[in-house]
Number of protein chains: 2
Amino acid sequence: MILISMTKIKGIRAERELIHMLWNAGWSAVRIAGSGSMRYPSPDIIAGKGNRKMAIECKSIGKISMNITRRQIDDFKKFCSMFGAEPWLGVRFDNLNWFFLNPEDLKETEGKNFVISIELAKRKGLSFEQLTEK
Amino acid sequence: MILISMTKIKGIRAERELIHMLWNAGWSAVRIAGSGSMRYPSPDIIAGKGNRKMAIECKSIGKISMNITRRQIDDFKKFCSMFGAEPWLGVRFDNLNWFFLNPEDLKETEGKNFVISIELAKRKGLSFEQLTEK
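Remember, it's a predicted structure, so these values are computed and weren't measured experimentally. (Residues numbered from 1 in each chain as written. Chains lettered and ligands numbered in written order. Predicted model: local features only at pLDDT ≥ 70, side-chain atom pairs only at ≥ 80, totals over all residues. Heavy atoms only, no water.)

### Comments concerning the sheet that holds strand β6 (residues 98–101) of chain A
Backbone hydrogen bonds are what pair the strands of a sheet, in a parallel or an antiparallel way.
Now for step 1: As summarised here, the arrangement of the 5 strands in space is β1-β2-β3-β5-β6 (chain A), forming an open sheet in which the pairing is mixed. Here the strands that pair on one side only, and so sit at the sheet edges, are β1 (28–31) and β6 of chain A. Geometrically, the sheet is characterised by an average inter-axis angle of 25° between neighbouring strands, direction not taken into account.
Now for step 2: Sheet contacts for helix α2 (residues 70–83) of chain B: β1, β2 (45–49) and β3 (52–61) of chain A; angle to β2(A), the most-contacted strand, approximately 80°. (Pairing = 2+ DSSP bridges. Helix = DSSP H or I, 4+ residues; strand = E, 2+ residues; numbered from the N terminus. Axes fitted to C-alpha atoms, helices over the stretch in contact; angles between N-to-C directions. Contact = heavy atoms within 4.5 Å.)

### Let's talk about the packing of aromatic side chains
Now for step 1: Summed over the entire model, instances satisfying the criterion amount to 10 aromatic pairs over all chains.
Now for step 2: Judged by centre distance (6.4 Å) and plane angle (50°), the ring pair of A:Trp23 and B:Phe79 falls under tilted. Taken together, the residues span two chains, with A:Trp23 in helix α1 (residues 6–24) and B:Phe79 in helix α2.
Now for step 3: Between A:Tyr40 and B:Trp23, the aromatic rings sit 4.7 Å apart at their centres with planes inclined by 5°, giving stacked as the arrangement. Of this pair, A:Tyr40 sits in the loop between β1 and β2 while B:Trp23 sits in helix α1 (residues 6–24), on two different chains.
Now for step 4: Judged by its relative accessible area of 25%, A:Tyr40 is partly exposed.
Now for step 5: Aromatic rings pair up to connect A:Trp23, B:Tyr40, B:Phe79 and B:Phe83 into one cluster.
Now for step 6: In this structure, A:Lys53 is placed above the aromatic ring of B:Phe83, and the distance from its NZ or CZ to the ring centre is 5.2 Å. (Phe/Tyr/Trp six-rings, centres within 6.5 Å; stacked < 30°, edge-to-face > 60°. Buried < 20%, exposed > 50% of the residue type's maximum accessible area, 1.4 Å probe, protein only. Lys NZ or Arg CZ within 6 Å of the ring centre and 35° of its normal.)

### Some words on the confidence of the model for chain A
When pLDDT drops low, the exact placement of atoms in the prediction is not to be read closely.
Now for step 1: Scored by pLDDT, chain A has a mean of 91; 95% of the residues are at 70 or more.
Now for step 2: Complex prediction metrics read pTM 0.91 and ipTM 0.89. (pLDDT = per-residue confidence, 0-100.)

### Thoughts on a nonpolar patch on the surface
Now for step 1: Taken together, A:Ile4, A:Met6 and A:Ile9 make up a surface patch of nonpolar side chains, about 300 Å² in accessible area.
Now for step 2: Its place among the elements puts A:Ile4 in the segment before α1. (Patch = residues over 30% accessible without salt bridge, like charges linked within 9 Å, V, L, I, M, F, W, Y side chains within 5 Å. Areas by Shrake-Rupley, 256 points an atom, 1.4 Å probe, with all protein chains shown as cover. Salt bridge = Lys/Arg side-chain N within 4 Å of Asp/Glu carboxyl O.)

### Quick notes on α1(B)
Now for step 1: Helix length check: α1(B) (19 residues) gives 27 Å between terminal C-alpha atoms against 27 Å at 1.5 Å per residue, within 8%.
Now for step 2: Where α1(B) is concerned, the buried positions are B:Gly11, B:Ala14, B:Glu15, B:Leu18, B:Ile19, B:Leu22 and B:Trp23.
Now for step 3: Buried residues belonging to α1(B) abut α2 (70–83) of chain A together with β1 (28–31), β2 (45–49), β3 (52–61), β6 (98–101) and α4 (128–132) of chain B.
Now for step 4: Of the residues flanking the end of α1(B), it is B:Gly26, one or two places downstream, whose phi is positive at about 90°. (Expected span 1.5 Å × (residues − 1).)

This is the structure we're talking about:
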């Protein structure tokens, strides 16, 4: 029997939604396979259109904010820098559209990790159209 | 119960081997998730290093040659062109090293599909070192 949590199902559904949106907007987008036995950093989605490449880490958030560890952000930034892609956090709060945040815009918490809130996403995030038509 | 064929296991093992080789050579490489419910063209592996991007379609071949459909090659080339990546067929014959072929170098069969043979791979293919140090 394979047990998959509702959080995981919601996450995959959000990633698929974003992949459809990207193809509809003229981008080629792929979902990266779960790490399995491999221990290399990797984003959730990679998308390309001509010379532009984006790596997207997706967060589907049911509350008004979510913590994210410094380690996760560091790994993500390292991957993007090596691969040669723009780093974007794709944030999807329930009943709201997507927001796209530059990792540099995240707010540090007292514990030296980061927090993504609806307020921050609305203030600093790009809409899907702003992201893809940059 | 989940049944996975030996061919599939061999294919995944070959992809993982190549991903390790790429990271060891200073490239960032990711395995693309199976299409599932999504119907978009996608390669097996995407790798990047600075400005260079490669999409790799992997073929693990137990015989001396293998047929590949024109549709598969066309979808692959279309993806690479939209995404903005070099298209490479990574070919792994049993007990031989990897060869990397440009889709343009494939030999057309009478049925208008393509064939990859050991002879063609040796004559036209690049070694891993040639591919990654271009």
